[in-house]
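Architecture at a glance
The primary structure of each chain is shown beneath.
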Amino acid sequence: MALEVQLLSPSAVAAAGCSSSLGYKSITRGESEARKSLLLRGVCASPLHSRCRDFLYYSAALPTVRSIETKAALGDHDGRRLALPRVPVPTTRVPGSQREKLWREFFSNPSEWWDGRHEKTNAKYPDFKHKKSHEALWLDDPRIPPWVEAELAALAPGTVQLDKFSWNRRLARYVKAGQPEKTMELFQQMQQEGLSPDKFTFLPVLNACASLQALEAGRHAHEQIIENHCEDNLFVGTSLIDMYTKCGSMEEAWRVFNKMASRDVVSWNAMLMGLVKCGQGQKALQLFQQMRLEGVQPNPVTFVAVLNACAVLEVLEEGRCTHGLIVQSGCESHLVVGNSLIDMYAKCGSMEDAWRIFNKMRLRDVISWTAVIQGYARSGKGQKALELFRQMQQEGVQPNSVTFLGVLNACATVMALEEGRRAHEQIIECDFESDVFVGSSLIDMYAKCGSMEDAWRVFTKMPLRNVIAWTAMLKGYAMHGHGREALAHFEWMCEEAVPINNVTFVCLLSACSHAGLVYEGLCYFDSMGSVYDVSVTVEHYACMVDLLGRARCLQEAKEMIKTMPFEPSAEVWTALLGACRIHGDVEMGECITKLVLDVEPGNSVGYVLLSNIYAAAGKWDLSASVQLQRKKRV
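Residues numbered from 1 in each chain as written. Predicted model: local features only at pLDDT ≥ 70, side-chain atom pairs only at ≥ 80, totals over all residues. Heavy atoms only, no water.

1. Topic: the overall build of the protein
Counting its secondary structure elements, the protein contains 31 helices and nine strands. In the protein, which comprises 634 residues, the proportion classed as buried is 46%. Considering only contacts within the protein whose residues lie at least 6 apart along the sequence, 60% involve residues at least 24 apart. Accessible surface computed for the protein: about 32,100 Å², of which carbon and sulfur atoms make up 51%. (Helix = DSSP H or I, 4+ residues; strand = E, 2+ residues; numbered from the N terminus. Buried < 20%, exposed > 50% of the residue type's maximum accessible area, 1.4 Å probe, protein only. Contact = heavy atoms within 4.5 Å. Areas by Shrake-Rupley, 256 points an atom, 1.4 Å probe, with all protein chains shown as cover.)

Here is the structure:
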């Protein structure tokens, strides 16, 4: 990358207030390009010459200059700007007599100097630097006075303050090492030392706030960014967006994004990723359109965010349009983009497209295999998913914990208990058994394959159980009609202070329904909001309708539907229609079928259940007629 360097004429130097005794060399057009004196960076020897403190002439052999343009250097004085390759910045070391004088000044008042020893990455950087005059001292100087070492050893720790560069490097190092807590602790310590943070300070601090999801700390850092006039910096602005989105505050992220004077593709990507992670996929797609209208060229990260939004929203056509843009931009060959395409097509239900992308990929990693395995497992093609898992292992690709989630789902779909047990053995070999999500999937797989003993064994061995693991076990009891065990398990959950959610209650009410525990089901349903602080949803009403219907309380179930605080869905009416089929209530079945089809005209389940009700009552003509209507309308 080229570094722009300002070359000042002698008149410009004089205009800046610098004396000729500072050793500045004049620049003439007659000098060879390879030996031009370049104004790079340096320190003025006199504190009075503040306008020249940031400039130093240095003569060096350089390759041919690519471009020269005229530009005002200082005030009305003309200078020349050269685009040059980046070169090391040399520093000037003082003569012996002055050196000893500086060391004596250093030890007379060490608090007036910065300590740069701890984070040195180049021997040319000084070990100590005066805070005001910017005089520099080096410990590796061969002519260092002999008494310096003993004096340094006698200094108390912390007498000489670390310079800002050292603090910033430490902050960045802790963030990179995955220690955000230490980063925040160090930032506070830096401020206690009286150092004013700059843009290089705030980048690791905002990163740490994002990692910790420490919104209040991030807001405080934002206030300091404004106070230090760093908000207009592109990288700081992008880091603020990233921090706010990861902390879940999209309003503040939008505010920062809209205030940015300039935005690059990374800024847009941070906003897109944040919207997707916060479940605002539609807004992410709208922002992508705005990005294109403003002429910002998307990169692979942009496309990954957009494809994730399409996958969440299950908008297949939008995903295909994005795929077309990816092909046009030449990003289709990127591994991460290919993986996102597979995932998007699989979640949108187009396994043919997902398989086509998978087969076209020249390079495939474990994420590629996992995406296609999970896609087939979700689409009910468990056998195909298991075949791919075997092929993946034959090609030497090591599965990860997410791969096993897809494999276990596939085993559960096709009720392949032996395949599931073999996968369990591999999970133990790969040391994934302690993973709470893998453990929960094992419980679910064993329960769906009919082995509650194995499910219970996995549950009891789990070192850490979250609500998903507890609910998976509860779901297993419900599935097998073990109502009393399900109720005991739920009470155990409450004793262990496991947070109860909507899914937990769906499984609990379903267990009561399958076991015929009407009274218990009604009690738990009534206490959902008052005792457990869980909002009642349509799914819970569907479970209650099924519970009452199975208990032959069809009228009570119908009345419950009428008292629902929201519009009954086809799912709720279908639950009651299923109860009509169980108890052979033809009259109510006909009435409920009409309500099902009014809500969802293409619902085939309504036709099938009514046909079965007629068949069970011996009304074969009516049963055949309903089947014929289903074929015409569905």
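2. Let's talk about the UniProt feature "repeat: PPR" (unreviewed entry) in the protein
Under the feature "repeat: PPR" (unreviewed entry), the UniProt entry names residues 163–197, 233–263, 264–298, 334–364, 365–399 and 435–469. Secondary structure content for residues 264–298 is 74% helix and 0% strand, while the C-alpha to C-alpha distance between its ends is 10 Å. (UniProt positions renumbered as here; feature names shortened; annotations may be inferred.)

3. Structural notes on the packing of helix α26 (residues 538–550) against helix α28 (residues 570–583)
The N-to-C vectors of α26 and α28 enclose an angle of 10°; their axes lie 8 Å apart at closest approach. The orientation of α26 relative to α28 falls into the category roughly parallel. Of the two elements, α26 crosses α28, and the hand of that crossing is right-handed. Contacts from Val538, Glu539, Ala542, Val545, Asp546, Gly549 and Arg550 in α26 reach Glu571, Val572, Ala575, Leu576, Ala579, Ile582 and His583 in α28. In terms of residue class, the contact of α26 with α28 is made up of eight nonpolar, two polar and four charged. (Axes fitted to C-alpha atoms, helices over the stretch in contact; angles between N-to-C directions. Parallel < 35°, antiparallel > 145°, perpendicular 65-115°, else oblique. Left-handed = near helix turned anticlockwise from the far one by under 90°. Nonpolar A, V, L, I, M, F, W, Y, C, P; charged D, E, K, R; others polar.)

4. Remarks on the packing of aromatic side chains
Applying the stated criterion across every chain, the model contains 22 aromatic pairs. Geometrically, the ring pair formed by tryptophan 355 and phenylalanine 358 is stacked, given 5.5 Å between the ring centres and 25° between the ring planes. Of this pair, tryptophan 355 and phenylalanine 358 both sit in helix α15 (residues 351–360), three residues apart, which is roughly one turn of the helix. Taking the relative accessible area as the measure of exposure, phenylalanine 358 reaches 1% and is therefore buried. (Phe/Tyr/Trp six-rings, centres within 6.5 Å; stacked < 30°, edge-to-face > 60°.)

5. Overview of the packing of helix α22 (residues 467–479) against helix α23 (residues 483–495)
Across the interface, α22 lies against α23 with an axial gap of 8 Å and an inter-helix angle of 165°. Comparing the axis directions of α22 and α23 gives the class roughly antiparallel. With respect to the hand of their crossing, α22 and α23 are arranged in left-handed fashion. Two secondary-structure elements touch here, α22 through Val467, Trp470, Thr471, Met473, Leu474 and Tyr477 and α23 through Glu485, Ala486, His489, Trp492 and Met493. Broken down by class, the residue content of the contact of α22 with α23 amounts to eight nonpolar, two polar and one charged.

6. Brief notes about the pattern of salt bridges
In the structure shown here, the tally under the stated rule is 21 salt bridges. Taking the shortest distance from any N to any O, the salt bridge between glutamate 294 and arginine 263 comes out at 3.6 Å. Taken as a pair, glutamate 294 in the loop between α11 (281–293) and α12 (300–313) and arginine 263 in the loop between α9 (250–259) and α10 (265–277) lie far apart in primary sequence, 31 residues in all. We classify glutamate 294 as partly exposed; its relative accessible area is 44%. (Salt bridge = Lys/Arg side-chain N within 4 Å of Asp/Glu carboxyl O.)

7. A look at the side chain of threonine 403
Of note, threonine 403 is situated in helix α18 (residues 401–414). Assessed through its relative accessible area of 0%, threonine 403 is described here as buried. At a separation of 2.7 Å, a polar atom in the side chain of threonine 403 contacts the side chain of asparagine 400. (Polar contact = N/O pair within 3.5 Å; in protein donor to acceptor, adjacent residues only side chain to side chain.)

8. Some points on the state of the cysteines
Under the criterion given, the structure shown has zero disulfides. No disulfide involves cysteine 449; its nearest neighbouring cysteine sulfur is the one of cysteine 411, lying 6.7 Å away. Given the relative accessible area of 12%, cysteine 449 is considered buried. The thiol of cysteine 580 is unpaired, and the distance to the nearest cysteine sulfur, on cysteine 591, comes to 8.7 Å. (Disulfide = S-S within 2.5 Å.)

9. A word on the environment of phenylalanine 106
Turning to its location among the elements, phenylalanine 106 is positioned in helix α2 (residues 96–108). Phenylalanine 106 gets classed as buried once you look at its relative accessible area, which sits at 0%. Placed 23 residues apart in sequence, phenylalanine 106 and lysine 129 show a C-alpha to C-alpha distance of 9.3 Å.

10. What to know about the environment of leucine 554
Among the secondary structure elements, leucine 554 is positioned in helix α27 (residues 554–562). Distance in space between the C-alpha atoms of leucine 554 and leucine 577 is 9.5 Å, their sequence separation being 23 residues. Apart from residues lying up to four places away in sequence, leucine 554 is in contact with Leu548, Gly549, Leu576, Ala579, Cys580, His583, Asp585 and Met588.

11. Points about unusual backbone geometry
Even without a glycine there, the phi angle at glutamine 213 is positive, about 55°. Here glutamine 213 lies in the loop between α6 (199–212) and α7 (215–227). The backbone of alanine 497 sits at a positive phi, close to 60°, despite the residue not being glycine. You can see alanine 497 is positioned in the loop between α23 and α24 (502–515).

12. What to know about the confidence of the model for the protein
As a general rule, the predicted coordinates of low-pLDDT regions are not to be interpreted in detail. With 82% of its residues at a pLDDT of at least 70, the protein reaches an overall mean of 82. Predicted confidence is poor over residues 1–91, with pLDDT under 50, and the contacts of this stretch with residues over four places away or in other chains come to 158 contacts. (pLDDT = per-residue confidence, 0-100.)

13. Things to note about helix α19 (residues 417–429)
With 13 residues, α19 should reach 18 Å at 1.5 Å per residue; the first-to-last C-alpha distance of 19 Å fits that figure. Within α19, burial applies to Gly420, Ala423, His424 and Ile427. Angular distribution of buried residues about the axis of α19 spans 110°; they occupy a single face of the element. Those residues of α19 that are buried lie in contact with α18, α20 (436–448) and α21 (452–461). (Expected span 1.5 Å × (residues − 1). Arc of directions from axis to C-beta.)

14. Some points on α7
Since one α-helical turn is 3.6 residues long, residues separated by three or four positions face the same way. Helix length check: α7 (13 residues) gives 19 Å between terminal C-alpha atoms against 18 Å at 1.5 Å per residue, within 8%. On its buried side, α7 packs onto α5 (180–192), α6, α8 (234–246) and α9. Where α7 ends, the next residue or the one after it, histidine 229, has phi of about 55°, a positive value.

15. A short note on the side chain of glutamate 252
Looking at where glutamate 252 falls in the secondary structure, it is placed in helix α9. Judged by its relative accessible area of 12%, glutamate 252 is buried. Engagement of the side chain of glutamate 252 in a polar contact is seen with the side chain of serine 249, the distance being 2.4 Å. Apart from the residues lying within four places of it in its own chain, the contact partners of glutamate 252 are Leu215, Arg219 and Tyr244.

16. Description of the environment of glutamate 485
Here glutamate 485 is to be found in helix α23. Residue classification places glutamate 485 among the partly exposed positions, given a relative accessible area of 40%.

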